[in-house]
Number of protein chains: 2
Amino acid sequence: MTATDPTDHFDEISQFDSKSLFKPKVVSLVVTNSPETGPNVMTASWWMLAGYDPLRYQLAVSHKTHTYDIIERNPEFVLAAPSTDMIDALTLCGQVSGRDLDKIDHLGLETIPGQDVDVPLLADAVGNIECSVMESFEFENCTYYFGNVENAYVTKDGLDGRMLSLDDADVLAYMGSDWGEDDTDTKYRYYADLGPENLERYPGDEVIESLPDDVAEDL
Amino acid sequence: MTATDPTDHFDEISQFDSKSLFKPKVVSLVVTNSPETGPNVMTASWWMLAGYDPLRYQLAVSHKTHTYDIIERNPEFVLAAPSTDMIDALTLCGQVSGRDLDKIDHLGLETIPGQDVDVPLLADAVGNIECSVMESFEFENCTYYFGNVENAYVTKDGLDGRMLSLDDADVLAYMGSDWGEDDTDTKYRYYADLGPENLERYPGDEVIESLPDDVAEDL
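Every value quoted in this text rests on a predicted model; they were computed, and no experiment measured them.

Novice: Sorry, what's going on with the sheet that holds strand β13 (residues 173–179) of chain A here?
Specialist: Each strand in a sheet pairs with its neighbour through backbone hydrogen bonds, running either in the same direction (parallel) or in the opposite one (antiparallel). An order of β13(A)-β14(A)-β15(B) is seen for the 3 strands of this open sheet, with the pairing classed as antiparallel. A single partner strand is all that each edge strand has here, and the edge strands are β13 of chain A together with β15 (199–202) of chain B. Within this sheet the neighbouring strands show an average axis-to-axis angle of 25°, counted without direction. Alignment of strand β14 (residues 187–192) of chain A against β15 of chain B, held across 4 bridges, turns out to be antiparallel. Bridge pairing in β15 of chain B places Arg189 of chain A opposite Tyr202 of chain B.

Novice: Before we go on, may I ask you to explain helix α2 (residues 66–73) of chain A in this structure?
Specialist: One turn of an α-helix holds 3.6 residues; hence residues three or four places apart share an orientation. Within the sequence span of α2 of chain A, burial applies to His66, Thr67, Tyr68, Ile70 and Ile71 of chain A. Contacts made by the buried residues of α2 of chain A are with β2 (28–32), β3 (40–44), β5 (55–62), β6 (76–81), β9 (127–139) and β10 (142–155) of chain A.

Novice: Even after reading the chapter, I still don't get the interface of chain B and chain A, so can you show me in this structure?
Specialist: It is common to give the size of an interface as the accessible area that goes away when the parts come together. Every contact between the two is made by 122 residues of chain B and, on the other side, 123 residues of chain A. Counting the surface lost from both chain B and chain A, the interface buries some 11000 Å², and carbon and sulfur atoms represent 64% of this. Applying the counting criterion to the chain B and chain A interface returns 6 salt bridges. In this structure, Asp11 of chain A engages Lys156 of chain B in a salt bridge whose closest nitrogen and oxygen atoms are separated by 3.8 Å. In this structure, the connection of chain B to chain A is made through 38 residue pairs in polar contact (both at pLDDT 80 or more). With 8 residues, the top contributor of residues to the side of chain B that touches chain A is strand β10 (residues 142–155) of chain B. Among the residues forming the side of chain B that touches chain A, the class breakdown is 66 nonpolar, 28 polar and 28 charged. Of the strand pairs in this sheet, strand β1 (residues 10–13) of chain A and β10 of chain B are connected by 4 bridges, and their pairing is antiparallel. Residue pairing in the sheet places Glu12 of chain A in a bridge with Tyr153 of chain B of β10 of chain B.

Novice: Got a minute to help me understand the relation of the copies chain B and chain A in this structure?
Specialist: Superposition of the two copies of the chain requires a rotation about an axis together with a shift along that axis. Expressed as a screw transformation, the operator carrying chain B onto chain A has a rotation angle of 180° and an axial translation of 0.0 Å, and the superposed copies differ by an RMSD of 0.0 Å. As the rotation angle and translation indicate, the two copies are arranged about a two-fold axis. No C-alpha of chain B lies nearer the rotation axis than that of Lys25 of chain B, which sits 2.5 Å from it. Take the interface residues of chain B: 100% of them recur as interface residues in chain A, which is what a same-surface contact looks like.

Novice: What exactly am I supposed to notice about the pattern of salt bridges here?
Specialist: Where charged atoms from two side chains of opposite charge approach closely, those side chains can pair. Enumeration over the complete set of coordinates arrives at 10 salt bridges over all chains. A salt bridge links Arg73 of chain A to Glu36 of chain A; its shortest N-O distance comes to 3.8 Å. Remark: Glu36 of chain A occurs in the loop between β2 and β3 and Arg73 of chain A occurs in helix α2; sequence separation between them is 37 residues. In this structure Arg73 of chain A comes out as partly exposed when scored by relative accessible area, which is 47%. Note that Asp17 of chain B is salt-bridged to Arg162 of chain A, the shortest N-O span being 3.5 Å. On the criterion of chain membership, the pair formed by Asp17 of chain B in the loop between β1 (10–13) and β2 (28–32) and Arg162 of chain A in the loop between β11 (159–160) and β12 (163–164) is interchain, its members lying in two chains.

Novice: What am I meant to see in the sheet that holds strand β14 (residues 187–192) of chain B here?
Specialist: Spatial strand order, β15(A)-β14(B)-β13(B): 3 strands in an open sheet with antiparallel pairing. If you trace the sheet from one side to the other, it starts and ends with β15 (199–202) of chain A together with β13 (173–179) of chain B, each paired once. Adjacent strand axes in the sheet meet at a mean angle of 25° when their direction is disregarded.

Novice: Help me understand the nonpolar core, please; the structure alone is not making it clear to me.
Specialist: Within the largest apolar cluster, 90 residues are counted, with the highest numbers of intra-cluster contacts made by Tyr57, Ile129, Tyr144 and Leu164 of chain A together with Tyr57, Ile129 and Tyr144 of chain B. Excluding anything up to four places from it in sequence, Tyr144 of chain A contacts Gln58, Leu59, Ala60, Glu135, Ser136, Phe137 and Phe139 of chain A together with Met48, Ala50, Gln58 and Phe146 of chain B.

Novice: Please clarify how the packing of aromatic side chains should be interpreted in this entry.
Specialist: Centre-to-centre distance and the angle between the planes together describe a pair of aromatic rings. Taken as a whole, this structure holds 17 aromatic pairs over all chains when the rule is applied. Their ring planes at 75° and their centres at 5.5 Å tell us that Tyr144 of chain A and Phe146 of chain B sit as a pair that is edge-to-face. Taken together, the residues span two chains, with Tyr144 of chain A in strand β10 and Phe146 of chain B in strand β10. Accessibility assignment for this pair places Tyr144 of chain A and Phe146 of chain B in one class, buried. When the ring centre of Trp47 of chain A is taken as origin, the NZ or CZ atom of Lys25 of chain A, which lies over that ring, is 5.4 Å away. The ring of Tyr188 of chain B carries the charged tip of Arg201 of chain A above its face, separated from the ring centre by 3.7 Å.

Quick notes on the rules
Residues numbered from 1 in each chain as written. Chains lettered and ligands numbered in written order. Predicted model: local features only at pLDDT ≥ 70, side-chain atom pairs only at ≥ 80, totals over all residues. Heavy atoms only, no water. Pairing = 2+ DSSP bridges. Helix = DSSP H or I, 4+ residues; strand = E, 2+ residues; numbered from the N terminus. Axes fitted to C-alpha atoms, helices over the stretch in contact; angles between N-to-C directions. Buried < 20%, exposed > 50% of the residue type's maximum accessible area, 1.4 Å probe, protein only. Contact = heavy atoms within 4.5 Å. Buried area = accessible area lost by both parts, 1.4 Å probe. Salt bridge = Lys/Arg side-chain N within 4 Å of Asp/Glu carboxyl O. Polar contact = N/O pair within 3.5 Å; in protein donor to acceptor, adjacent residues only side chain to side chain. Nonpolar A, V, L, I, M, F, W, Y, C, P; charged D, E, K, R; others polar. Least-squares fit on C-alpha atoms with pLDDT ≥ 70 in both. Core = buried A, V, L, I, M, F, W, Y, C linked by side-chain atoms within 4.5 Å. Phe/Tyr/Trp six-rings, centres within 6.5 Å; stacked < 30°, edge-to-face > 60°. Lys NZ or Arg CZ within 6 Å of the ring centre and 35° of its normal.

The following block contains the structure:
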């Protein structure tokens, strides 16, 4: 018997809590740099793939941010995938502006010069992607930058085939933030601590074999 | 001692393999519907948050897809977060066009009518988000749709506070696809099988307390 009203089957949640559905997610640390400002790091989850060949990432940057001022001076950025050890960076770089604090210095983040962008990579990240902006557009109070991938790096032995090695790449799989049960001001961050034992392999042969012949032959 | 060349410290990877860095990720099943075509489901990872109040999702849709034809007729969509049981849907809906196969029927997916959009929800998903397109723009061969959240739902008891309950919401945390070691044509899909034992809580108090007073008082 099929439900006719979604609330017969689901709990209704707020528009804001809809963000919880697509977790775990690896949130990016976005590095930017210009001669006038020096380098800066911002926590950013408003980015996605947007172009395959060449591979591109689209990054949304609010006009209120220091990152916007920097990227308008030098249209390049680095997307860094944080390791679990970088959870302090993820926390701080989402709350404090680079106008008020040199976050890289305060956090003691080690950097390595980019090869094809004048933006540093984060040495403790699981990986870094050098991007150069090839196009952008504005909508409301954000600019959406399309960045071509110039170079990409992963921690040594961090890829196993085409996938992150859960042995060697300790990526920070963010689950969300919430207030603890104890009555404090602490807003806890939560993440999924993953190891090789969590990896499941799924062949998917059967669903492909189930297809009608005329559909299957086009695959 | 700091590396001066990224390859002293990292393995260089291809632009395509850069996608591996930001995993695990919950890939969306995008549902669309129009009177002329009926409902359709497409696997889509090119989407992100893009607007906070009202909360919006931006979705990129290639002009080659059936989803594009449908959404141009009826500018609404549902973002569904698949459960682990829906891995066949994730596989098939990323490979076969709705022009060639009624994927909902073939997969036996149960649907529930949306409340504020004329697009069905997927009953077996961990959650569904009803979106109505408020703006769009074209770039190269894609249209980028900004969808306002009309309603959002999670599986019963699926949220624990503001986070997915890893007890009650068995979300499909996609790790990527790769060929197996055995010499077959099978392209395996991999996912992280998560349970409550994987959840780590991090207070982050210390890094906030480490801030200079004038920075801390603005938080």
